[in-house]
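Here are the chains, one letter per residue:
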Amino acid sequence: MLLRLACIAVTHAFTALRLIPMNDHDKDVEILALRHQLAVLQRRHGNQRPGLQAADRC
């Protein structure tokens, strides 16, 4: 459990460090790409929600 917490903390730290040098244009492009991915998934799967377990939400 402690190892998983450490792994999540390191992952979030690297994510935050990656966002620091990004300018507004880079962030806008990333948001546009994420919105496109979301639109593709919604077209493919409709509005059905995946069956998540309690462990999936952590």
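Higher on the page you've got the structure.
Residues numbered from 1 in each chain as written. Predicted model: local features only at pLDDT ≥ 70, side-chain atom pairs only at ≥ 80, totals over all residues. Heavy atoms only, no water.

The secondary structure content of the protein amounts to two helices and zero strands. Relative to its length of 58 residues, the protein is extended, with a C-alpha radius of gyration of 16 Å against a globular reference of 10 Å. Taken along the three principal axes of its C-alpha coordinates, the protein extends 35 × 35 × 10 Å. A burial count over the protein gives 2% of its 58 residues as buried. Surface exposure of the protein reaches about 5800 Å², of which carbon and sulfur atoms provide 63%. (Helix = DSSP H or I, 4+ residues; strand = E, 2+ residues; numbered from the N terminus. Rg over C-alpha atoms; globule rule 2.2 N^0.38 Å. Buried < 20%, exposed > 50% of the residue type's maximum accessible area, 1.4 Å probe, protein only. Areas by Shrake-Rupley, 256 points an atom, 1.4 Å probe, with all protein chains shown as cover.)

With respect to the helices and strands, R57 occurs in the segment after α2 (24–45). A sequence separation of 10 residues divides R57 from N47, and the C-alpha atoms of the two residues are 19 Å apart.

Attention now moves to a nonpolar patch on the surface. Where nonpolar side chains cluster on the molecular surface, the patch consists of V10, F14, L17 and I20 and spans about 450 Å² of accessible area. Mapped onto the secondary structure, I20 falls in the loop between α1 (2–19) and α2. The exposure class assigned to I20 is exposed, which follows from its relative accessible area of 65%. (Patch = residues over 30% accessible without salt bridge, like charges linked within 9 Å, V, L, I, M, F, W, Y side chains within 5 Å. Salt bridge = Lys/Arg side-chain N within 4 Å of Asp/Glu carboxyl O.)

Assignment of secondary structure puts D28 in helix α2. For the pair formed by D28 and R49, sequence separation is 21 residues and the distance between their alpha carbons is 27 Å.

In a regular helix each residue adds 1.5 Å, so 22 residues correspond to 32 Å; α2 covers 31 Å between its end C-alpha atoms and thus fits that length. Between the side-chain oxygen of the N-cap and the backbone nitrogen of H25 there are 3.2 Å, and the N-cap of α2 in question is N23. Two residues or fewer after α2 comes G46, characterised by a positive phi angle close to 70 degrees. (Expected span 1.5 Å × (residues − 1). Polar contact = N/O pair within 3.5 Å; in protein donor to acceptor, adjacent residues only side chain to side chain.)

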